[in-house]
Amino acid sequence: MSATVADAPVAALSEAMRARFAREVAKYPPEGKQSAVIACLTIAQQEQGWVSPAMEKAVAEYLGMPPMAVHEVTSFYNMFNQQPVGRFKLNVCTNLPCQLRGGAQALAYLEQTLGIVDGDTTPDGLFTLQHCECLGACADAPVMLVNDRNMCSFMSDDKLQQLVDGLKGAEVTP
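Residues numbered from 1 in each chain as written. Predicted model: local features only at pLDDT ≥ 70, side-chain atom pairs only at ≥ 80, totals over all residues. Heavy atoms only, no water.

Caption draft 1: Expanded view of the sheet that holds strand 1 (residues 88-93). Reading across from one edge, 2-1-3-4 is the order of the four strands in this open sheet, with mixed pairing throughout. At either margin of the open sheet sits one strand with a lone partner, and together these are strand 2 (127-132) and strand 4 (150-152). Averaged over all adjacent pairs, the angle separating strand axes in this sheet is 25°, with direction ignored. Taken together, the six bridges between strand 1 and strand 2 define a ladder with parallel strand orientation. Across the sheet, phenylalanine 88 pairs through a bridge with phenylalanine 127, a residue of strand 2. Strands strand 1, strand 2 and strand 3 (144-146) of the sheet are contacted by helix 6 (residues 103-114), whose axis makes an angle of about 150° with strand 1. Relative to the sheet, helix 7 (residues 157-169) contacts strand 1, strand 2, strand 3 and strand 4, its axis offset from that of strand 3 by approximately 5°. (Pairing = 2+ DSSP bridges. Helix = DSSP H or I, 4+ residues; strand = E, 2+ residues; numbered from the N terminus. Axes fitted to C-alpha atoms, helices over the stretch in contact; angles between N-to-C directions. Contact = heavy atoms within 4.5 Å.)

Right, here's the structure in full:
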């Protein structure tokens, strides 16, 4: 039997994290503090690299909401990592417009190049490969997102290889 969010131990929130949470919660009326859930989960992920079930529970307790409600947010948005990911998270759009313009081929190329399948992380911890839904750049298909921040457009095999090679050569920055 697997543990649920409700069964997870509560993660300890650092003072810095609590201060950042408080700044976000202050943007809403007291009865609406749950509106800060996405901001608080983002802060937690920035600090930990992913949002563990224990962290979901801690956010829920901080915001005074059910742990399942926090988990529903975490599991709905692919920007939240529910398990540790590699240094570079590659999200390839597989929605219909990208599919029609090579999205599936881009994902397959990366699977072959990296030696992993969708949802996996390379053994060296460098890359995590994931499919995702619409990134809102259909005219630039196929598109992908690197580390939830950098959009890459018109991703042909050559551009994908250049991206992988460039990321492999990138210096580690904290």
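Caption draft 2: Structural context of the layout of surface pockets. Its volume calculated, the largest pocket comes out at about 510 Å³. Contributing to the lining of the largest pocket are 14 residues, with Gln45, Gln46, Asn147, Asp148 and Arg149 lying nearest its centre. Per-element tally for the lining of the largest pocket: the top contributor is helix 2 (residues 37-48), with three residues. Across the lining of the largest pocket, the residue classes tally to three nonpolar, seven polar and four charged. (1 Å grid on protein atoms, 1.4 Å probe; cavity = no way out; pocket = protein on both sides within 12 Å on 5 of 7 lines; lining within 4 Å. Points joined across faces, edges and corners; volume = space filled by probe spheres on them. Nonpolar A, V, L, I, M, F, W, Y, C, P; charged D, E, K, R; others polar.)

Caption draft 3: Examining helix 4 (residues 67-76) more closely. Listed as buried for helix 4 are Val70, Val73 and Thr74. Projected down its long axis, helix 4 carries its buried residues within an arc of 95°, all on one side. In the core, the buried residues of helix 4 are packed alongside helix 2 and helix 3 (53-63). (Buried < 20%, exposed > 50% of the residue type's maximum accessible area, 1.4 Å probe, protein only. Arc of directions from axis to C-beta.)

Caption draft 4: Representation of the pattern of salt bridges within the structure. Evaluation of the coordinates by the stated rule reveals two salt bridges. For the salt bridge of lysine 27 with glutamate 24, the shortest nitrogen-to-oxygen distance reads 3.0 Å. Overall, the relative accessible area of 56% leaves lysine 27 in the exposed class. With a shortest N-O distance of 3.0 Å, lysine 89 and aspartate 148 are connected by a salt bridge. You can see lysine 89 sitting in strand 1 and its partner aspartate 148 sitting in the loop between strand 3 and strand 4, a full 59 residues away along the chain. (Salt bridge = Lys/Arg side-chain N within 4 Å of Asp/Glu carboxyl O.)

Caption draft 5: Structural detail: unusual backbone geometry. A cis amide bond links alanine 141 to the next residue, proline 142, at an omega of -5°. Within the secondary structure, proline 142 is located in the loop between strand 2 and strand 3. A positive phi angle is found at aspartate 148, which is not glycine, with a value near 60°. Residue classification places aspartate 148 among the partly exposed residues on the basis of a relative accessible area of 27%.

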